[in-house]
Structure formats: structure tokens, C-alpha cells
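# Summary of structural features
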Amino acid sequence: MIGLGRMGGNMVRRLMKSGHECVVFDHSDDSVRKLAAEGGVGAGSLADFVAKLSRPRAAWVMVPAGEATESTVNELARLMEPGDTIIDGGNSYYKDDVRRAEAIRGREIHYLDVGTSGGVWGLDRGYCMMIGGPKEAFDRLDPIFRALAPGKGNVAATPGREHRAGQAEEGYLYCGPSGAGHFVKMVHNGIEYGLMQAYAEGFDIFRNANSPELADNLRYDLDIADIAEVWRRGSVVGSWLLDLTSMALAENPTLSNYSGFVQDSGEGRWTVQAAVEEAVPADVLTSALYTRFRSRQSHTFAEKILSAMRQKFGGHVERATGG
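Residues numbered from 1 in each chain as written. Predicted model: local features only at pLDDT ≥ 70, side-chain atom pairs only at ≥ 80, totals over all residues. Heavy atoms only, no water.

## So, the overall build of the protein chain
- Regarding its fold elements, the protein chain presents 14 helices and seven strands.
- Over its C-alpha atoms the protein chain spans a radius of gyration of 22 Å, differing by no more than 12% from the 20 Å that the globule rule assigns to 323 residues.
- Overall size of the protein chain, expressed as C-alpha extent along the three principal axes, is 75 × 45 × 40 Å.
- Counting every position in the protein chain, which comprises 323 residues, the buried fraction comes to 47%.
- Summed over all atoms, the accessible surface of the protein chain reaches about 16000 Å², with 53% contributed by carbon and sulfur.
- Across the protein chain, the 35 positively charged side chains and the 42 negatively charged ones have centroids separated by 2 Å. (Helix = DSSP H or I, 4+ residues; strand = E, 2+ residues; numbered from the N terminus. Rg over C-alpha atoms; globule rule 2.2 N^0.38 Å. Buried < 20%, exposed > 50% of the residue type's maximum accessible area, 1.4 Å probe, protein only. Areas by Shrake-Rupley, 256 points an atom, 1.4 Å probe, with all protein chains shown as cover. Lys, Arg positive; Asp, Glu negative; His and termini not counted. Charge placed at Lys NZ, Arg CZ, Asp CG, Glu CD.)

## Considering the pairing of strand 4 (residues 85-88)
- Residue alternation in strand 4 divides its side chains into two sets, Thr85 and Ile87 and Ile86 and Asp88, and both sets are buried.
- As paired elements, strand 3 (residues 58-61) and strand 4 share four bridges and run parallel to each other. Residue Ala59 lies in a different strand from strand 4, and its bridge partner there is Ile86.
- Since strand 3 and strand 4 lie parallel, the crossover through helix 4 (residues 67-79) that links them has a hand, and here it is right-handed. (Pairing = 2+ DSSP bridges. Right-handed = clockwise from strand over helix to strand, strands pointing away.)

## Re empty space enclosed by the protein
- Tallied over the full model, the rule gives one cavity of 30 Å³ or more.
- Reported here for the largest cavity is a volume of approximately 40 Å³.
- Here the residues of the lining of the largest cavity are counted per class, giving three nonpolar, four polar and two charged. (1 Å grid on protein atoms, 1.4 Å probe; cavity = no way out; pocket = protein on both sides within 12 Å on 5 of 7 lines; lining within 4 Å. Points joined across faces, edges and corners; volume = space filled by probe spheres on them. Nonpolar A, V, L, I, M, F, W, Y, C, P; charged D, E, K, R; others polar.)

## Some details on the nonpolar core
- Counting 27 residues, the largest nonpolar core has Trp60, Met129 and Phe145 as the members making the most contacts within it.
- Of all elements in the fold, only helix 1 (8-17), helix 2 (29-37), strand 5 (110-117), strand 6 (128-132), helix 7 (135-140) and helix 8 (142-148) reach the threshold of two or more residues within this core.
- In this structure Trp60 touches Met1, Ile2, Met11, Ile87, Gly89, Val114, Thr116, Met129, Ile144, Phe145 and Leu148, once residues within four positions along its chain are discounted.
- Counting residues in hydrophobic clusters, the runner-up holds 23 residues, among them Phe203, Leu244, Ala302 and Leu306. (Core = buried A, V, L, I, M, F, W, Y, C linked by side-chain atoms within 4.5 Å. Contact = heavy atoms within 4.5 Å.)

## Looking at the layout of surface pockets
- Estimates place the volume of the second largest pocket at around 470 Å³.
- Lining of the second largest pocket is provided by 22 residues; of these, Glu21, Cys22, Leu53, Ala58 and Ile144 occupy positions nearest its centre.
- Looking at the lining of the second largest pocket element by element, the count peaks at three residues for strand 3.
- Residues belonging to the lining of the second largest pocket are distributed by class as follows: 15 nonpolar, two polar and five charged.

## Topic: the packing of aromatic side chains
- Following the criterion strictly, the structure yields 13 aromatic pairs and no others.
- For the ring pair Phe145 and Tyr172, a centre distance of 6.4 Å and an interplane angle of 40° mean the geometry is tilted. One end of the pair, Phe145, is in helix 8; the other, Tyr172, is in strand 7 (residues 172-176), and 27 residues separate them in sequence. By the burial criterion, Phe145 is buried, and Tyr172 matches it. (Phe/Tyr/Trp six-rings, centres within 6.5 Å; stacked < 30°, edge-to-face > 60°.)

## Notes on the pattern of salt bridges
- Applying the stated rule across the entire model yields 25 salt bridges.
- Residue Arg161 is joined to Glu169 by a salt bridge in which the shortest nitrogen-to-oxygen separation is 3.6 Å.
- Among the ionic pairs, Asp264 bridges to Arg296, the shortest N-O distance being 2.5 Å. Of this pair, Asp264 sits in the loop between helix 11 (240-251) and helix 12 (267-278) while Arg296 sits in the loop between helix 13 (283-295) and helix 14 (301-314), and the two are 32 residues apart along the sequence.
- Through salt bridges that share partners, Glu70, Asp88, Asp96, Asp97, Arg99 and Arg100 make up one connected network. (Salt bridge = Lys/Arg side-chain N within 4 Å of Asp/Glu carboxyl O.)

## With respect to the sheet that holds strand 4
- Strands sit in the order 3-4-5-6-7 across an open sheet of five strands; the sheet is mixed. Every other strand in the sheet has two partners, leaving strand 3 and strand 7 as the edge strands with one partner each. Averaged over all pairs of adjacent strands, the angle between their axes in this sheet comes to 25°, without regard to strand direction.
- Across the sheet, helix 5 (residues 94-105) touches strand 4 and strand 5, and the angle it forms with strand 5 is around 155°.
- Contacts from helix 9 (residues 180-207) reach strand 4, strand 5, strand 6 and strand 7 within the one sheet, and its direction differs from that of strand 5 by about 15°. (Axes fitted to C-alpha atoms, helices over the stretch in contact; angles between N-to-C directions.)

## Regarding a nonpolar patch on the surface
- On the surface, Leu214, Leu218, Tyr220 and Leu222 cluster together to form a nonpolar patch covering roughly 350 Å² of accessible area.
- Note that Leu218 resides in the loop between helix 9 and helix 10 (224-231). (Patch = residues over 30% accessible without salt bridge, like charges linked within 9 Å, V, L, I, M, F, W, Y side chains within 5 Å.)

Structure, rendered in C-alpha cells:
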């Protein structure tokens, strides 16, 4: 595992709990030492990292998308050998995956793109993974994906799926050739934007239900934290995002610890771009993306809800504050 941040470090821990031996590298020596103390094999450089892996090697890159991933993959490709596999588990743009896979194919090095969802809770809950690349590389590394995935757990089987084979019920899926994994994860994140926006706007309506502009007999002083909690129990709008919202509201019903400045990490933009390229209308997802842009100029309670959800599921800290 290269990159021992919020997700990479816990993925190593989950793998080791399942009996896998992990070589770890990060530019932070403290992060490497910490994982080494917990049973990982620390490496001091990428060359040292590759040297300590058993053949055929599998190197999982869990660093920020963009230049950090690009430079890491390029250096690994120079160090690795035919039959080895490079896994990009970050939030890369799927077209970059296609390009990188083609660039190293001549060296007979496999490249897998793994869209990974689970955030800071993945150590205990497991990681939902959407995987693209050569099928033979996916099949060889199936034990790693199975160890990281949530498994069936206590989620009820879907009626009608009795005769469908595959790993989807375990929480991971081979989606197709290079780029397919991150394409599915990209749209997943675009949908996430829309779901979050729907919750945020609904709770903002509740917060303003006692507006002085309303008639006296139409004003309601609602307990928003309790509404979130009751919806968690039997409601058709129940979800993990609602669970996290309820948690944030229980901690601070006014969300005064959030400014409402909401970042977007790229996938929402790429989803909208894909919709444009395919001529597919995506009104909700596009609107949710634009709301994040607007949140950096003025902040409503809805944007505080969005910010609270991002912090809860992914540990995302607001980068700026405002009124």
C-alpha cells in the first residue's frame, strides 16, 4: 500500500486482520513506522517498497488523484516487471486510467482501477469497490478485494438475484476493462451529491418552518435532530447518509461548528461532463454540483448539512469559513 492516509492506513489494517502481509510506504515516515509497529513491513522508498514485495507483485496506490497518482504510477512502472499489477484505488478520472493502462501494457504490467467507497468507516464496515482492468489480474487478486469488502453481513438478499453469480453481494464488482471501475465510482459520487443535496434542502425547509413570514397557525418549531432520527427507522428515505446526518445533528442541532463551505472533489464535475458527452439529462446532479460552487460565496443551513455529511463519512474538513 502506497499512501497511508485516512483510507490507505485503515485498508492495510483490514487486510492484515484477514491474514495478508502488507508492505507499506508513505512520504510520512511516522505513518510508515506506525503501520510497521502494527505488523506491516515498512519501506523507505518506492524502490525499497518494490524490492520487498513477492512476485508477482501487487502495488496499491492510495494517494490523491492527479499529479501524485501520475508520478507514483510512472515510477512504479519503471521499477516493476511483467506479471506485476499496479492498482489505483484513489479517485482518478477514468480517462486517465485508460491512458495509463495503455502506456504500460507493452511492458506486460497489469493496471487495475478500483473505485473505493467507505471513507473513514471502512476499517470496520468494509470498502465497496468498483474495479476495472484486465480480468485475469482481478481474478488473481480476488482474495485482497474479498478481504477489504464488507461481505454479505446482515444485508438481506435481493429477491430475484438467486441465480446471479459474482461478487456484487459481497460488496465488490468487476465492472469491465480499464477505466470502468473509476467510471462507475465517478457516477456513484455524482449520485451522492444529489442525495446529499436532497437531504440538505429538506432539513433547511424544516429549519425555516417557523419563519415570521408565515401565518401564525402555519409555523412549526421542529426538532430537526429528532426528525432525522425517526426517518432512520422504517422510512423509505433511510440511508447511511441519513445516519450520519442524524449523528451530526445530535452532536450540534444548529451545526454552528460548520460554516457551510462545501468542497467538491472532482467526481461530480466529471459525472456532469460525462452526461454532456452522452447527451443524458442530469438535472439533479448538475444542480447539486452548482450548489457546491455557490456555497463558497454564501452559506445556508442546507450547506452546513452538506458539510456535516462530508465530514462524517469521509473526514473532510472545511477548507475555508464564511458567514
